[in-house]
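These are the residues of each chain, in order.
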Amino acid sequence: MMIPLDALWFLTFLGRLHPMVVHFPIALLIVALLMEMMTLRGKNENFRGAITLLLRLGAVSAIVSVALGLILHEQESYGGELIEYHEWSGIATMLFSLLAVWLNYRSNKRSTGVNLYRIVLGLSVICLTIAGHLGASLTHGEDYLSSTFPGNGDSHEEGKAGELLAEFASQSPTGSFSPEDLDRLNLEVRAIFAHNCYQCHSKEKSKGDLVLQTKEGVMAGGENGPVLVAGNADQSEMIRRLLLPRSDDESMPPKGKTLQKNEIELIRLWINQGAHWADKELKIFREAELALTKPELPPAEDGRENPVDRWVNQYFQENNQDWPETADDRTFIRRAYLDVVGLLPAPEQITAFTEDNSPDKRAKLVDQLLSDSTGYTRHWLTFWNDLLRNDYSGTGFITGGRTQITNWLYHSLYDNKPYDQMVRELIAPNPESEGFIRGIRWRGTVNSSQRTEMQAAQNISQSLLGLNLKCASCHDSFISNITLDQSYAFANVFADTALEIHRCDKPTGRMAQTGFIYPELGEVEANTVKERLVRLSEIMVKPENGRLARTLVNRLWAKLMGRGIVAPVDEMDRIPWSQELLDWLAADFRDHGYDLKHNLRTIMTSKIYQSVPTGYKSENDLIVSDYRFRGPVQRRLSAEQFADVFSQAIYPMYHAVAYDPEGDTLEAKWIWHREIKLDRDVLPEPGKRYFRYLFEIPANKEIVNAELLVTADHSFHLHLNEKEITSGDDWQEVHKADLTGKVAAGKNIIAAEAENEGPIANPAGLLVSIQIEYADGSWVRFYSNNQWKTTDTEPKGNWRTLLFDDKEWKNARNYGDFFNGKWGRLPAFTHKKQANPQPPVRASLVMLDPFMKALGRPTRENVTTNRDDQASLLQALELTNGEFFYQTLRKSASYWLKISEGNAQQLQEQVFLRALGREPTGKEKAVARKLLTDSPTAENVEDFLWNIVMLPEFQLIL
Amino acid sequence: MTHETTRREFLKKMSAASLGAMAATIPATSFLSGCAPGRKATADAVILLWMGGGMAHTETFDPKAYAPFEKGMESKRVLSTFPSVPTIVDDLYFSKGLENIGQVMDKGAIIRSYRAADLGFILHTRHQYHWHTCYEPPQPIQPPHLGAWIAKELGPKNPAIPAFIDIGQRFTVGEGEELKAFHSAGFLGSEFGPFFIPDPTSGLESVRPPAGMDLQRFERRYKLYRELAEKSPLGLHGSDYQRESLARSMEQAYRLLKSPEARAFDLSQEAPEKYAIYNTGRFGLGCLMAKRLVMEGARFISVTTEYEPFLGWDTHENGHTRLEKMKAYIDGPVAQLIRDLDETGHLDRTLVLLASEFSRDALMEGRPGAKIQDQVDQPDVIDDIKHYGMHRHFTDGCSILMWGGGIKKGLVYGKTADERPCKAITEPVVIDQIHQSIYHALGIPEDTHYVVEGRPVYTTPDGAGKPVWELF
């Protein structure tokens, strides 16, 4: 239908009448139903006529409402599910009410079918209620109602106004208060101020010149004069304003929720009692207890001896919950492997485990896994790197503003260093562990809340104590009791010269004190930073600091069970679902010398760890404040686990590491032709480059062994003395060649051509090492370096000969050491003897790449304690279409075709066994057959492998 | 992270396009306005043309007195090394070499008084981080890129085109890690992060099944995947979050990769004459791809001349010579992009910006009066053309161009001094105003924020900054 433009405004106007008109059917139909209910059992028959009238008016107004509503929808372009539901329930209301009118008419006439009519009327009111609620949600927002529920938003959750009022009313009927009572009264009033008024009336922001945070501020009042008259609430401006209707401009608070009645009453009482100001710190937010005592274990029931199980059993009983089922052996062994070493059990290990009949086989398995120090370290390194903000690449390295702690961390885990010792070494560091408190230093001036001293305070608080200092490094925290001064005092511990306190990046003129957040643990002040750090490291690990142990065991629990005893894991002041369990685990950890493996063992040998995990609907379900523990929750493989498990079961995914604990020391460099644009070194353009290098062997030496190592990005052909030695087109694959007999006494010439591929300039390099051993036991090495000659124009004549004139060629450019280029370190690039085949490179040692990033590995620019583990579109794209993963699949396919000799059935069974730890079911075999066909091509195998690793069974930790 | 703006959620459910159409045709009736949210968007897509490396305003869009090169000239005389040329807008002059862009200024506005932050001595990537996230690095949490905020708040316009596309930047260059630090969705989660196309000529590959896999095989692989997963003992779907999100994301990726809209990524579909106008290199072709993507329903696209230390706009020597090339690199494609969008009517709903992290000057490093380390040596007397140009970093006066999406046409906003220091002297504009102006055009409320680690984090620090109203 075409509507002239100038008529549209009228439609809009009509549409907007809808919210007003809807109140007619609401009132009329509900009253009709109410009156109808009064006529039940034959009473109030005289209502009949009125009901009919109400009903008919209601139905007519429903029609009008629906019509106006449809216009509004059309005109204002609402969208979404909510509006759909609202529309349908509105239309249903109209239809039911019309039907009710007709049935009512019929039953009035014939005096039958009255019950059907009542049901239909009831239905119309039900639909009406739904439509009304949805309509209100559209107008006011979906959480209009629910936001008032306790625990939502920043409502003052633990407010005790009501309780206190009742208590005082019963205790002090005469109105005389003890000094303690007056203090409590004042502190509660201040808590009410803090939650409802500080937003505008604090030291940071004092609207109307009123500060409600301090005694002076409250007593001084604001620009309109005093806010209270001590002893006389009725004369107090504050009470007047609080009681004003919301519509009044002077009503307080102007936005958000009004104060509850008993909160106002409590303020009134406080003023009437003389507005006493307690000389105590106000603790607005819950604070967890610092001290730690080991609670007495409950008795074991039903053979559940493990301490964790005893607490969980008690918890389940108190909450009337059943124990979840125990996972079967296959599930358990896979989970235990993934949790301790981050790899899958081999098929033989699964069989042996399931066939083992000893009752303690699960505990034995856990012990055996924990004793695999290499596997344990290379899996848990990821957790600690996240927690301690340690990475191989990232901001800051370029200007020397950041150092790694990798070597220290790796060996600490490998040696199972006690956690308190680790903490000491992190806080009072040695050169290898200082990267943690040194933070990331950027060039130029940074916000004062991000100076490295403050970063140290923030990171120690977050990582080691589960305490957020980030707010309080700018201003007094709104989410904890930590003040700006406390944060600065803590940061000052790390400062050579005392820090000036900055509020919101503006200097305050006050100098910071020096002290730890929990002064009750001891004094840290000393003359030098070094001494202070030693003191801090000592008080941090005092047994009285229960927070240190609680924070860590909670993190480990969350890692193994999918959700912490306290969540989020960085907010240790929150209420745990079981304080006793948390305390017991923490105390047990402390009493066992802060042995990390002991704690893991305690949890993993419990029945609850070994249970079938429960699913959940959304991430929110795990952080709600009334969370109920039901058992472990389902987890997904981390980026590193996915890569490692793929490498183990399918084909090695990575070949180069950023850190190699057993690294060789070679002096080979990645080299390439020097490319210059506008007088600057730039990335190499695609194309072929030529390299020559001449080396000499003394005539009096006898060669017993000569070995070549070579690789290039992207491809190369290498000749020695005019003979082709080897070629390659994958830089990750190190080519080894035996040159014994090929290297001659006197001059030798290496000639290599290498190509940089791709559409645009990108990194390229050639890497060579030659080791020559002589009969007399001495040896010599020749490396690729900037002494090599290169050219980018195709040489004329035989350029691979010794005598070729390369005077015009330029010296190559070094692109980095063999262990530290853009390519990382290739563990296979070594002249040492190695196991064959070498175990795949572990992802935790690999530099962050786009593939792992897509799978959720964080850039460790900040402490990361909670990874995004849901599957996302970008992730699925990387797995479905990413170049890196696709190339990995291609290599995997050719490997699998080779080892299965093209036998589809064998291939299928082996892949199932290695990737999923089981044989395929009949149904799966049928699908696999479709994928692989009888004589599979490389493409068939690629697709089959892709299918297997995309399965939920592969990607989830069950 | 919890979300606080429910009103915004509600807005998201409304189709911005038809809302805009309504606003354009109907006189505002404010009856019962309490029942209907009142913000209207003037744009639903953004193209950011990024001049990485620090583009000197006096050599481009804000020319000053021209001092031709002569041996022995004094450095302090050098304000502009090019003569000025008129534009289509009266009294608006650009530097020589930008004639084509000058001809489309009747369709857009120029801000001449942008002031970059003073971050101490210069690290380009720090200023770029600040420009793109509105937060000065480092930060205790990872702030999202402008494009990620937009992707999060508005979602993709066409589900088959990623909401945040970044064209032209490689991370294998110097300061690569610092570049990565802000090309990120930060705390919003990687789902809203950039979809990278470093080389526009191979853009199609990013949205097509892998090379060597035809569509038929791709479809078959996915079909059998679903079959295998459903027949496996665990099943594909389940009541739990993990399995559901996995199944859903796989389905989305599959749909995206076989969608017909992916053609927009294929530059070979463009007529050769048009392709030739755009083809000044990767940046020009990036503009062409941005045009194609916007027409197909992209939300936020960034096209960069690419930042690589000492290259591109980052002139530490030979400034004059280099600028000739840089201007030729951008002039044709940018003007053509504006014309093409205008002709098809897309410019009305697409906000195009051209900006750089800061400006440059021949003598002044940082802002007037600041003492900066590591500034380039500049002789008092110039004997070599190598020293003729803007080789120091200047933050106190920069130009930003804007077109379309509700931006006033032919507007010149703000002014810089005609003598050194050529700094902003009227209507200074800072970064949070730029961000808020962009959000304003898109209908994203100024106070949009999320609670991260217990504290509210706004699109601009503390939600500060007002849109530059005069632009609209």
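What you see is a predicted model, and the numbers here were worked out from it, not measured in a lab.

Parameters and conventions
Residues numbered from 1 in each chain as written. Chains lettered and ligands numbered in written order. Predicted model: local features only at pLDDT ≥ 70, side-chain atom pairs only at ≥ 80, totals over all residues. Heavy atoms only, no water. Axes fitted to C-alpha atoms, helices over the stretch in contact; angles between N-to-C directions. Helix = DSSP H or I, 4+ residues; strand = E, 2+ residues; numbered from the N terminus. Parallel < 35°, antiparallel > 145°, perpendicular 65-115°, else oblique. Left-handed = near helix turned anticlockwise from the far one by under 90°. Contact = heavy atoms within 4.5 Å. Nonpolar A, V, L, I, M, F, W, Y, C, P; charged D, E, K, R; others polar. Buried area = accessible area lost by both parts, 1.4 Å probe. Salt bridge = Lys/Arg side-chain N within 4 Å of Asp/Glu carboxyl O. Polar contact = N/O pair within 3.5 Å; in protein donor to acceptor, adjacent residues only side chain to side chain. Buried < 20%, exposed > 50% of the residue type's maximum accessible area, 1.4 Å probe, protein only. Pairing = 2+ DSSP bridges. Expected span 1.5 Å × (residues − 1). Bend = angle between axes of the 7 residues up to and from the residue.

**Q** Hey, could you run me through the packing of helix H29 (residues 904-916) of chain A against helix H31 (residues 938-950) of chain A in this one?
**A** Axes are the key here: two packed helices are described by the angle between their axes and the distance separating the axes. All names here are of chain A. The N-to-C vectors of H29 and H31 enclose an angle of 30°; their axes lie 11 Å apart at closest approach. Taken together, the axis directions place H29 and H31 in an arrangement best described as roughly parallel. In the packing of H29 onto H31, the handedness of the crossing is right-handed. Here H29 contributes Leu907, Gln908, Val911, Phe912 and Ala915 to the contact with H31, which in turn contributes Val941, Phe944, Leu945 and Ile948. Residue composition of the contact of H29 with H31, by class: 8 nonpolar, 1 polar and no charged.

**Q** How should the interface of chain B and chain A be read in this particular structure?
**A** Note: interface size is frequently given as the accessible area lost on complex formation between the parts. Residue-level contacts link 97 residues of chain B with 93 residues of chain A. Summed over both sides, the interface between chain B and chain A buries roughly 8800 Å², with carbon and sulfur atoms accounting for 60% of that surface. Taken together, the connections running from chain B to chain A amount to 5 salt bridges. A salt bridge links Glu942 of chain A to Arg217 of chain B, with the nearest nitrogen and oxygen atoms 2.8 Å apart. In this assembly, chain B and chain A are joined by 16 residue pairs in polar contact (both at pLDDT 80 or more). Those elements that provide at least two residues to the side of chain B that touches chain A are helix H1 (6-12), helix H2 (16-25), helix H4 (124-133), helix H6 (176-182), helix H7 (215-231), helix H8 (241-257) and helix H11 (319-343) of chain B.

**Q** So what exactly am I meant to see when it comes to the pairing of strand S8 (residues 703-713) of chain A here?
**A** For a regular strand, the rule is simple: side chains alternate between the two faces of the sheet. Residues and elements named next belong to chain A. Across the 11 residues that make up S8, a large majority, 9, are buried. Bridge count for S8 against strand S13 (residues 765-774) is 10 bridges, and the pairing is antiparallel. Looking across to S13, one finds that Leu709 is bridged to Ser769. Two strands pair when backbone bridges link them, and S8 and strand S11 (residues 735-738) are joined in this way by 4 bridges, in the antiparallel orientation. Following the sheet pairing, Val710 is matched in S11 by His735.

**Q** What am I meant to see in the sheet that holds strand S15 (residues 411-413) of chain B here?
**A** In a beta sheet, neighbouring strands pair by backbone hydrogen bonds and run either parallel or antiparallel. Residue and element names in this part refer to chain B. Across the sheet, 8 strands lie side by side as S8-S7-S9-S2-S10-S14-S6-S15; this open sheet has mixed pairing. Because the sheet does not close on itself, it has two edges, and the strands there are strand S8 (195-197) and S15. When strand polarity is set aside, the average angle formed by the axes of neighbouring strands in this sheet is 15°. Summarising the sheet, strand S7 (residues 164-167) and S8 pair through 3 bridges and their orientation is parallel. Across the sheet, Asp166 pairs through a bridge with Phe196, a residue of S8. Strands strand S2 (45-50), strand S6 (108-114), strand S10 (350-355) and strand S14 (398-403) of the sheet are contacted by helix H12 (residues 431-442), whose axis makes an angle of about 165° with S10.

**Q** Got a minute to help me understand the environment of Ala915 of chain A in this structure?
**A** All names here are of chain A. As for its placement among the helices and strands, Ala915 is situated in helix H29. On the accessibility criterion, Ala915 (1% relative accessible area) is buried. Separated by 297 residues in sequence, Ala915 and Ser618 place their C-alpha atoms 28 Å apart. Apart from residues no more than four positions distant in its own chain, Ala915 is found in contact with Leu344, Ala649, Ile650, Ile948 and Phe954.

**Q** Teacher, can you tell me more about the pairing of strand S12 (residues 746-756) of chain A here?
**A** All names here are of chain A. Counting buried positions over the 11 residues of S12 gives 8, a clear majority of the element. Relative to S12, strand S7 (residues 687-697) is paired through 11 bridges, and the arrangement is antiparallel. Looking at the pairing, Arg692 lines up with Ala751 of S12. Relative to S12, strand S9 (residues 715-720) runs antiparallel, the two sharing 6 bridges. Its bridge partner being in S12, Phe716 is matched across the sheet by Ala754.

**Q** Whenever I open this one, helix H24 (residues 596-604) of chain A confuses me. Can you help?
**A** Since the α-helix turns once every 3.6 residues, residues separated by three or four places project in the same direction. With 7 of 9 residues buried, H24 of chain A lies mostly within the body of the structure. Among all positions of H24 of chain A, only Leu596, Lys597, Asn599, Leu600, Thr602, Ile603 and Met604 of chain A are buried.

**Q** Sorry, what's going on with helix H15 (residues 373-387) of chain A here?
**A** All names here are of chain A. The end-to-end C-alpha separation of H15 is 20 Å, in line with the 21 Å expected for 15 residues at 1.5 Å each. Of all the bends in H15, the largest measures some 35° and sits at Leu381. Of all 15 residues making up H15, 14 are buried, and the element is well covered by its neighbours. Where H15 ends, the next residue or the one after it, Arg389, has phi of about 55°, a positive value.

**Q** How do you make sense of the environment of Asp328 of chain A when you look at a structure like this?
**A** By secondary structure assignment, the location of Asp328 of chain A is in the loop between helix H11 (307-318) and helix H12 (329-340). On the accessibility criterion, Asp328 of chain A (46% relative accessible area) is partly exposed.

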